[in-house]
Amino acid sequence: MALAVRPPFRLEPYLEFGKKAIAREATYRFDVFTSIGSFALRIYLLRMVWVALYARNAAPHGLPLHAILTYSAVALLMGLVLDVDQVSSLYTKLHDGSIVSDFMRPISVPLYFFADGTGEVLFHASLIVPSLVLALFIVHIDVPSGGTLAAFALSFVLGYFVGFCINFILNCTAFWTLEIHAVQLIVTWLTDLLGGELVPLVFFPVALQHALFALPFAAMFSTPLLIYVGEIGPDRYASALGIQAIWLVVLALASVVIWRAGSRRIVVQGG
Amino acid sequence: MLAVYGQHWRINVLTALEYRENFLLWAAFAVVYHGSAIATLWVVLHTFPSMNGWDFRDMAFLYGLWMTAHALHDTLFFGVGNVPEYVRDGEFDRLLIRPLDTLFAVIVIPGQIFPDELILALVYLGITTWYAGVRVDAAFVFCVPFVILGGTLIELAINVIVATIAFWFVRVDALRWIVLQLEQEFTRYPIGIYTRGVRLFLTFVFPFAFMNYFPATYFLHKPESALGLPPAVGLLSPVIGLTFLGVAYAFWRFGLDRYKGVGH
């Protein structure tokens, strides 16, 4: 395969892969209803929980009730995109062996998965609109200034790519283990907790916070969210975004290394 | 029937031993799954010491009751959740011609089940019972197994109902997911924090509050009980569980009589 003459790079096939992925995702209507229904349920639950907690206790510094409700709502909306495993088809293809035919095509296989995953995520991103409308019936969401929103958007994009690399690496482990579900669920649950999706990291004991802010999980959820609610102010944007960028570079390099090693030793079970 | 059930467990354990790494990973997941739920409670109550008069010790015990009932359900009745899948791929038709009761036939399909989560739950419940300062006397030791069993039956009843709905609608993933979420996330907090509608729903429609909230209120001697019911209703869990399962089973039989299959 390595001997084959590489055709010049063209973007069109990857755009097509992306479109195909969107169409595929749109066929599972039930999953769409599940996502939105479960989103509404969770936001309703979180509102009741935070209201009950703030009613009986002193509000922590910097995060009054309206800010924490905004935080939770935005975290759940981000989850619609960030909780999607956009590389799961890699696992499926490694598991049933169909990855072999992808290697024979005149395309870059990792880019194919990237295009496919991006399409899948774009579809899920479109669910943000109905979910947001629904959320506004349940809670009030603060809208920060334009500058803050811009920083949030940039941070969110960085967080998204960090998440992509983590998913890519996890799915790549199937090159060796063929079975990844348990590991994947473990990582998902750890991300929920340590990334600040459920509870802001600033509520953790101070000693733990420093460690947590340095982990890639925080780069996915916590950093964009704390920028959104103003807990990370403009003076700290550079360092916060910088840590995200460092994680992105590290994980992207790790992805490349693991992919190279993995694709050299494909094992296909049976026929 | 007992012999069949014994075989079911023999195969389960042998399967778990055969796929040892996978089994260990799933056991690790059980630890992370419950660990992260408990850690979330701890972090929240570290910042906010009281939730409607419940502190972390109380909430840890509340979670322990639910976790044990849930783990017992997953260990004994895991197969019921697979019914929609069986209906979809036609496997269910094969179960219909088994000589024993169809629901029993579903329950004894072997999987990779091992009581790891249950062991974890029992250890955790023991620790939190001590940690929450629950008075352990003869009455407590006598009542707790019944309360756990009641919770298990409540969860089983819900799953039987969802499985029955699959006879008509085949794909019930959405419904199943939402019910699961209602159970797992709404039972984590004392139901006093919810609006009256939600409290009524969790008490009388899907009585998840009897899995842990009402029994915990009783064991922890909490003055308030949501909906103004006396705390002793917490001991009614097994009765509620049996009644609810009876209703669910009647619905299952009703559905079974009308089951047409998806046409394979």
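Right above here is the structure, for reference.
## Side note on the overall build of chain B
Scanning chain B from N- to C-terminus turns up 12 helices and 0 strands. When the helices and strands of chain B are placed in sequence order, the string is α-α-α-α-α-α-α-α-α-α-α-α. Whereas a compact globule of 264 residues would reach a radius of gyration of roughly 18 Å, chain B reaches 19 Å, a difference of no more than 12%. Pairs at least 24 apart in sequence give 76% of the contacts found in chain B among residues at least 6 apart.

## Comments concerning the pattern of salt bridges
For the structure on display, the rule yields 11 salt bridges over all chains. For A:Arg42, the salt bridge identified is with B:Glu185, shortest N-O distance 3.5 Å. Pair noted here: A:Arg42 is in helix 2 (residues 29–56) and B:Glu185 is in helix 9 (residues 173–186), and the two residues belong to different chains. According to the relative accessible area criterion, A:Arg42 is partly exposed, its value standing at 22%. Judged by its relative accessible area of 18%, B:Glu185 is buried. The partner of B:Arg94 in a salt bridge is B:Glu91, with the nearest N and O atoms 3.0 Å apart. Residue B:Arg94 and its partner B:Glu91 are located together in helix 5 (residues 91–96), separated by 3 residues, close to a single helical turn. On the accessibility criterion, B:Glu91 (27% relative accessible area) is partly exposed.

## Section: the interface of chain A and chain B
A common way to express how large an interface is: the accessible area buried when the components associate. Taken together, the contact pairs 34 residues of chain A with 34 residues of chain B. In this assembly, chain A packs against chain B so that about 3300 Å² is buried in total across both faces, 77% of it on carbon and sulfur atoms. Across the chain A-chain B interface, the total number found is 1 salt bridge. Taken together, chain A and chain B are joined by 5 residue pairs in polar contact (both at pLDDT 80 or more).

## With respect to the packing of aromatic side chains
Following the criterion strictly, the structure yields 43 aromatic pairs over all chains and no others. Consider the rings of A:Phe152 and A:Tyr228, whose centres lie 5.1 Å apart with planes at 75°: the pair is edge-to-face. Pair noted here: A:Phe152 is in helix 8 (residues 146–172) and A:Tyr228 is in helix 13 (residues 222–228), with a separation of 76 residues, a long-range link. A:Tyr228 gets classed as buried once you look at its relative accessible area, which sits at 11%. Centre to centre, the rings of B:Phe92 and B:Tyr259 are 5.1 Å apart; their planes meet at 70°, and the pair counts as edge-to-face. Taken together, the residues span a long stretch of sequence, with B:Phe92 in helix 5 and B:Tyr259 in the segment after helix 12 (237–257) at a distance of 167 residues. The class for B:Phe92 is buried, based on a relative accessible area of 0%. Clustering of aromatic rings is evident, with ring pairs tying together A:Phe103, A:Phe114, A:Tyr160, A:Phe161, A:Phe164, A:Phe168, A:Phe175, A:Trp176 and A:Trp259. Lying across the ring of B:Trp54, B:Lys222 places its NZ or CZ 5.2 Å from the centre. Across the ring face of B:Phe254, the terminal group of B:Arg258 is positioned such that the distance to the ring centre comes to 3.8 Å.

## Quick notes on unusual backbone geometry
Residues and elements named next belong to chain B. For asparagine 52, which is not a glycine, the phi torsion comes out positive at approximately 50°. Relative to the assigned elements, asparagine 52 resides in the loop between helix 2 (20–47) and helix 3 (56–77). In the Ramachandran plot, histidine 221 falls in the positive-phi region, its phi being about 55° despite a non-glycine side chain. Assignment of secondary structure puts histidine 221 in the loop between helix 11 (213–219) and helix 12.

## Topic: helix 4 (residues 88–96) of chain A
Residue and element names in this part refer to chain A. What helix 4 keeps buried is the set Ser89, Leu90, Tyr91, Lys93 and Leu94. Looking at the packing, one finds that the buried side of helix 4 touches helix 5 (99–104), helix 6 (109–126), helix 8, helix 9 (174–177), helix 10 (181–194) and helix 14 (237–263). Positive backbone phi, approximately 85°, marks glycine 97, located one or two places after helix 4.

## Thoughts on the packing of helix 1 (residues 12–26) of chain A against helix 6 of chain A
Residue and element names in this part refer to chain A. It is the contact of helix 1 with helix 6, at a shortest axis distance of 7 Å, that shows an interaxial angle of 40°. One finds that helix 1 runs oblique with respect to helix 6. Both helix 1 and helix 6 take part in a crossing whose hand is right-handed. In contact with Tyr14, Phe17, Gly18, Ala21, Ile22, Arg24, Glu25 and Ala26 of helix 1, helix 6 contributes Leu111, Tyr112, Ala115, Asp116, Gly119, Glu120, Leu122, Phe123 and His124. Residues of the contact of helix 1 with helix 6, tallied by class, amount to 10 nonpolar, 3 polar and 4 charged.

Definitions and cut-offs
Residues numbered from 1 in each chain as written. Chains lettered and ligands numbered in written order. Predicted model: local features only at pLDDT ≥ 70, side-chain atom pairs only at ≥ 80, totals over all residues. Heavy atoms only, no water. Helix = DSSP H or I, 4+ residues; strand = E, 2+ residues; numbered from the N terminus. Rg over C-alpha atoms; globule rule 2.2 N^0.38 Å. Contact = heavy atoms within 4.5 Å. Salt bridge = Lys/Arg side-chain N within 4 Å of Asp/Glu carboxyl O. Buried < 20%, exposed > 50% of the residue type's maximum accessible area, 1.4 Å probe, protein only. Buried area = accessible area lost by both parts, 1.4 Å probe. Polar contact = N/O pair within 3.5 Å; in protein donor to acceptor, adjacent residues only side chain to side chain. Phe/Tyr/Trp six-rings, centres within 6.5 Å; stacked < 30°, edge-to-face > 60°. Lys NZ or Arg CZ within 6 Å of the ring centre and 35° of its normal. Axes fitted to C-alpha atoms, helices over the stretch in contact; angles between N-to-C directions. Parallel < 35°, antiparallel > 145°, perpendicular 65-115°, else oblique. Left-handed = near helix turned anticlockwise from the far one by under 90°. Nonpolar A, V, L, I, M, F, W, Y, C, P; charged D, E, K, R; others polar.

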